[in-house]
Amino acid sequence: MRWEVVEDAAALSNRAAHLLLDTVEQSPRTVLGLPTGRTPEGMYREVARNCRDPRCFGSVETFNLDEYVGIPLDHPGSYSSYMWTHLFSHVEVDRERIHIPLGDPERLSERFPGLSFEEALERECRDYEEEIRAAGGLDLTFLGLGRNGHIAFNEPGTPFVSRTHVIELTESTRRANAGCFPDREVPRRAMTMGIATIVDSKRIVLLATGGSKAEAVRRLASGEIGEDFPASALHRHPDVLVLTDREAAGGVEMHSASMLRPEGATPHPR
Ligand code: GLP
């Protein structure tokens, strides 16, 4: 696990965007795993700003990490809406190459006629894994970090061997995401890539900003490995970069400063 600490959220967004764009430039058929949440918003903004050439995103294939269950695709709180707002409307990407787990009841019944809602969800999860495999697997996956150490929507206790599945969200995660729902009614369930699905990605970049993530970052840096702290599964992966800003790294500097190789806020050259 490599660590990089940059000055602030703006520097992190810049660095992450250029990691993404450099990868796509070198391998135009890259398969990306993409996160949602507040942390990657700035990365998407930077990607969009630096990706004016229509060929920039041309043959990339994307798989989102997760989606809520039980709300329409175009609900303002859905991760599908999020991705179109923050990225897909700003870059030229082939719609056929965009994949987001489907949790919209109406669309699911169209996709899987004759199946009950629960059966359709299960089938969607299986198909999602299959689509990732058919694309050749994830090449580069970006992750956010939940305050309780969740990655994607894999809450504490999720088995490290898990594949794409439906999960009950914890109250703390629902509260943390309430701001994205105008009525603050956050769905109770979500679909998420499993921990094994994520760890199969060839490269992983975990992003964390702000003091609210400092405790989770500190726990990650402690090196403990256990299913009650989902992000710790990343310790078993050979190519993980943890990219944080100074505030998120605050706790680590106190406890294990030797793990850090601060690289300052200098924008990554392109
Ligand atoms: C949600 C998402 C996660 C994300 C996490 C942190 O639970 N499903 O993928 O990493 O929130 O979000 P934020 O970046 O808003 O703190």
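One can find the structure itself at the top, above this paragraph.
Quick caveat: nothing in here was measured; it's all calculated off a predicted structure.

Peer 1: Could you clarify how one ought to interpret the state of the cysteines in this entry?
Peer 2: One covalent bond between the sulfur atoms of two cysteine residues makes up a disulfide. Here the structure, examined in full by the defined rule, presents one disulfide. Disulfide pairing places Cys 51 opposite Cys 56 at an S-S distance of 2.1 Å. Measuring handedness by torsion sign, the sulfur bridge of Cys 51 and Cys 56 sits at about -115° and is left-handed. Among the residues examined, Cys 51 registers a relative accessible area of 4% and is labelled buried.

Peer 1: Would you mind going over unusual backbone geometry with me for this structure?
Peer 2: In most cases, non-glycine residues show a negative phi, while peptide bonds are predominantly trans. Despite not being glycine, Ala 152 shows a phi value in the positive range, around 50°. Tracing the backbone shows Ala 152 in the loop between β6 (140-143) and β7 (165-168). Taking relative accessible area as the criterion, Ala 152 reaches 10% and is therefore assigned buried. Positive phi outside glycine occurs at Arg 184, with the angle close to 60°. Mapping Arg 184 onto the fold places it in the loop between α6 (171-176) and β8 (189-192). With relative accessibility at 55%, the residue Arg 184 sits in the exposed group.

Peer 1: In this structure, what is going on with the sheet that holds strand β1 (residues 2-6)? I would like to understand it.
Peer 2: Note: strands within a sheet are paired through backbone hydrogen bonds, in either parallel or antiparallel orientation. If you walk across this open sheet you meet the seven strands as β1-β10-β9-β6-β2-β3-β5, and the pairing is parallel. The outermost strands of the open sheet, each flanked by one partner alone, are β1 and β5 (98-99). Relative to strand β10 (residues 240-245), strand β9 (residues 203-208) runs parallel, the two sharing five bridges. By the bridge assignment, Val 205 is partnered in β10 with Leu 241. Docked against the sheet, helix α1 (residues 9-26) engages β1, β2 (31-34), β6, β9 and β10, running at close to 150° with respect to β10. Its contacts with the sheet put helix α5 (residues 117-134) on β3 (61-64) and β5, and the angle it makes with β3 is roughly 150°.

Peer 1: Whenever I open this one, the sheet that holds strand β4 (residues 66-68) confuses me. Can you help?
Peer 2: Spatial strand order, β4-β8-β7: three strands in an open sheet with antiparallel pairing. Two strands lie at the open edges of the sheet, namely β4 and β7, each paired on one side alone. Ignoring which end each strand starts from, the neighbouring axes of this sheet average 30° apart. In terms of strand pairing, β4 meets β8 through three bridges, oriented antiparallel. From the neighbouring strand, Glu 67 faces β8, where its bridge partner is Met 191. Here α5 sits on the sheet and contacts β7 and β8; the angle it forms with β8, its principal contact strand, is near 25°.

Thresholds, definitions, all that
- Residues numbered from 1 in each chain as written.
- Predicted model: local features only at pLDDT ≥ 70, side-chain atom pairs only at ≥ 80, totals over all residues.
- Heavy atoms only, no water.
- Disulfide = S-S within 2.5 Å.
- Buried < 20%, exposed > 50% of the residue type's maximum accessible area, 1.4 Å probe, protein only.
- Helix = DSSP H or I, 4+ residues; strand = E, 2+ residues; numbered from the N terminus.
- Pairing = 2+ DSSP bridges.
- Contact = heavy atoms within 4.5 Å.
- Axes fitted to C-alpha atoms, helices over the stretch in contact; angles between N-to-C directions.

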